[in-house]
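Each chain is listed here by its residues.
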Amino acid sequence: MSRSLLLILGLGIVLGLMLWLVAALHGLYVQIAFSSPLLANILLVVLILVFLALLYALIHYLGLVRQTKARPPRPQAPVEKTEAAVETLEALQKQLSQVEDEVARLALQAKARELEHSFSRQHIRLVVFGTGSAGKTSLVNAIVGKIVGEVSAPMGTTTMGATYCLQLRGIDQDIWITDTPGILEAGIAGTEREQQARQLATEADLLLFVLDNDLRQSEYLPLVSLVEMGKRSLVVLNKIDRMTAADRDLVLAQLRHRLQGIIAPPDVVAIAAAPQPIILENSNTVIPDPDILPVLKRIAAILRAEGQDLVADNILLQSQRLGEEARRLIDRQRKRQADKIVERYQWIGAGVICVTPIPVVDLLAAAAVNAQMVVEIGRVYGCDLNAARGRELALSLGRTLASLGIVKGAMDLVATALQLSVGGIVVGRAIQSVGAAYLTRIAGKSFIEYFRQDQDWGDGGMSEVVQQQFQLNRRDEFIQAFIQEAITKLPDTLGRAINRNSAAKIDKDTP
Ligand SMILES: Nc1nc2c(ncn2[C@@H]2O[C@H](COP(=O)(O)OP(=O)(O)OP(=O)(O)O)[C@@H](O)[C@H]2O)c(=O)[nH]1
Ligand SMILES: [Mg+2]
């Protein structure tokens, strides 16, 4: 309101000024014309020229504005799904070559090769998935047009995934449709079958998730996890012959509402794959035809619109899954190597302290965190640190150990455990030595976390990681085992210090 008022006011002022300008110019013209008509005409021409120039500038300016506004958005580089899939597969190959476990590597490489071959495949894979007895086999039968699988009421009729090939009008590619065993069945056999079904589901280009009622929580979770994984999915509400038209609409609406943001409404369809016979008034029975047109139409529409993209999406998705598997393997392999390094350095550190004990407890951390250990762990994770950086990291972790009171805590833990296991008074140098080994271990494990996360301490920073590692390594059983290992690993001095006390204790206990 106030804006438009302001605008009107502004326009009024501009108009008034213009009128005043015209009047003033007119007055000037009349005055000059009175003394020299020629000069007046020259002034008129100049004024007209100035006016035209202003008009031109105005049009030009507006034209420019319009031009920038109408300029089409900068064309984006076409994100070709197939290209993305090819790139991911190439990256996967490189990643797989790092897997050291030969059996695992060969298996993953075989899967990757299979994926590579999928680029040239000429068929689209549909997988029918869902709870037991929802009517998956009935749907496949109805689509394929003949009885291809066993259909019955008890759950668990389909025990193996079965695949059939068919053609849809207007779609060039062959369609392979796979029936799967139902999920959520009781018993071990059910679980194994369920795994097989899930595996088949992840291999689908397009997934048909069959329900026979509103979505139960136990169906919702697997569906959502498949969709979140990136699986293109259709939700098929089956057995609508059992419902009135109003109920069917209600259930459909509920389903679409519940799946909002997960599955687009047109991708939730209602069908009757094997409607039950109807008994007529004259006691004759009629078996209605399957009503599967909605699902067929939707499949055809998706295949027409997304066609080869579905295959590329699926290859991309599966190579990502393989990549994750490889990453997990590589991570485990690196962890094993890094653990060995920590193990080695913890006893080296303990040996050094055993020979030269440290006067101030908090300095122990600085001595225990070996810069070379940091560099070596980094190398396992593909990070090349120079010695200076290793030292810097080791020092700051040593300081953190001290400032968090972990040095003191570790020493107390070790002292108690040592006394418990060998009895009597244990000399300070033995405690310091085992304490140093223990601190090296906490530091090493913390660095493993740091390098695992791409040289990042995470949101809680170095202190949180260090504290976590301290908590993880302070269980009684662990400390006891650690002390026993220390006794066998540490140099003679420690052994003698401990043994002397044990011997004294035995002497004392013996009558
Ligand atoms: N009323 C009605 N019953 C149906 C419909 N579709 C399937 N059924 C019945 O539901 C029961 C289970 O059907 P199946 O096709 O074997 O179900 P499934 O999902 O393959 O079951 P599993 O293989 O055991 O997981 C059978 O008795 C079918 O006759 C339908 O549209 N309407
Ligand atoms: Mg079945």
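Just above, that's the structure.
Everything numeric in this text was worked out from a predicted model, so none of it was measured.

J.: So what about the overall build of the protein chain? Which residues, and what values?
T.: Helix and strand content of the protein chain: 17 helices and 8 strands. Taken across its 511 residues, the protein chain has 41% of its residues classed as buried. Of the contacts made within the protein chain by residues no fewer than 6 positions apart, 73% connect residues no fewer than 24 positions apart. Split by element, the accessible area of the protein chain, about 29200 Å² in all, is 59% carbon and sulfur.

J.: Tell me about a positive patch on the surface, and name the residues and values.
T.: Taken together, the side chains of Lys111, Arg321, Arg327, Arg328, Arg332, Arg336 and Lys340 define a basic patch exposed on the protein surface. Among the elements that take part in the positive patch, helix α9 (residues 293–355) stands out by supplying 6 residues, more than any other. Within the element layout of this structure, Lys111 appears in helix α4 (residues 102–118).

J.: Could you give an account of the pattern of salt bridges, with specific residues and numbers?
T.: Summed over the entire model, instances satisfying the criterion amount to 17 salt bridges. Arg248 serves as the salt-bridge partner of Asp249, at 3.3 Å between the closest nitrogen and oxygen. A residue is classified by how much of its surface remains accessible, and Arg248, at 27% relative accessible area, is partly exposed. A salt bridge links Asp339 to Lys445; the shortest N-O distance between them is 3.0 Å. Of this pair, Asp339 sits in helix α9 while Lys445 sits in helix α14 (residues 428–452), and the two are 106 residues apart along the sequence. For Asp339, a relative accessible area of 22% translates into the label partly exposed. Among the charged side chains, a network of salt bridges with common partners joins Asp212, Arg216, Glu219 and Lys239.

J.: So what's going on with the side chain of Gln173? Which residues, and what values?
T.: Position of Gln173 relative to the elements: it lies in the loop between β2 (162–166) and β3 (174–179). With near-sequence residues (within four places) excluded, Gln173 lies in contact with Gln122, His123, Ile124, Gln167 and Gln308.

J.: Tell me about helix α16 (residues 476–489), residues and numbers included.
T.: For α16, with 14 residues, the first-to-last C-alpha span of 20 Å sits near the 20 Å given by 1.5 Å per residue. For α16, the complete set of buried residues consists of Phe478, Ile479, Phe482, Ile483 and Ala486. Along α16, the residues classed as buried sweep out an arc of 135° about the axis, all on the same side. Away from its buried face, by an angle of more than 90 degrees, α16 presents the exposed residues Glu477 and Thr488.

J.: Describe the packing of α14 against helix α15 (residues 461–472), listing the residues and the values that go with them.
T.: α15 packs onto α14 with a crossing angle of 125° between their chain directions and a minimal axis gap of 9 Å. Taken together, the axis directions place α14 and α15 in an arrangement best described as oblique. Judged by the twist between their axes, the crossing of α14 over α15 is right-handed. Within the contact between the two elements, α14 uses Tyr438, Ile442, Lys445, Ser446 and Glu449 and α15 uses Val465, Val466, Gln469 and Phe470. In the contact of α14 with α15, the residues fall into 5 nonpolar, 2 polar and 2 charged.

J.: Tell me about the packing of aromatic side chains, residues and numbers included.
T.: All chains considered together, the criterion is met by 10 aromatic pairs. Taken together, a centroid distance of 6.3 Å and an interplanar angle of 80° make the contact between Phe447 and Tyr450 edge-to-face. Here Phe447 and its partner Tyr450 are both found in helix α14, 3 residues apart, which amounts to about one turn of the helix. Like Phe447, the residue Tyr450 is buried in the burial classification.

J.: Which residues make up the environment of Ala104, and what are the values?
T.: Among the structural elements, Ala104 can be located in helix α4. For the pair formed by Ala104 and Glu325, sequence separation is 221 residues and the distance between their alpha carbons is 9.8 Å. Aside from chain neighbours lying at most four places away, what touches Ala104 is Val99 and Leu329.

Parameters at a glance
- Residues numbered from 1 in each chain as written.
- Chains lettered and ligands numbered in written order.
- Predicted model: local features only at pLDDT ≥ 70, side-chain atom pairs only at ≥ 80, totals over all residues.
- Heavy atoms only, no water.
- Helix = DSSP H or I, 4+ residues; strand = E, 2+ residues; numbered from the N terminus.
- Buried < 20%, exposed > 50% of the residue type's maximum accessible area, 1.4 Å probe, protein only.
- Contact = heavy atoms within 4.5 Å.
- Areas by Shrake-Rupley, 256 points an atom, 1.4 Å probe, with all protein chains shown as cover.
- Patch = residues over 30% accessible without salt bridge, like charges linked within 9 Å, V, L, I, M, F, W, Y side chains within 5 Å.
- Salt bridge = Lys/Arg side-chain N within 4 Å of Asp/Glu carboxyl O.
- Lys, Arg positive; Asp, Glu negative; His and termini not counted.
- Charge placed at Lys NZ, Arg CZ, Asp CG, Glu CD.
- Expected span 1.5 Å × (residues − 1).
- Arc of directions from axis to C-beta.
- Axes fitted to C-alpha atoms, helices over the stretch in contact; angles between N-to-C directions.
- Parallel < 35°, antiparallel > 145°, perpendicular 65-115°, else oblique.
- Left-handed = near helix turned anticlockwise from the far one by under 90°.
- Nonpolar A, V, L, I, M, F, W, Y, C, P; charged D, E, K, R; others polar.
- Phe/Tyr/Trp six-rings, centres within 6.5 Å; stacked < 30°, edge-to-face > 60°.

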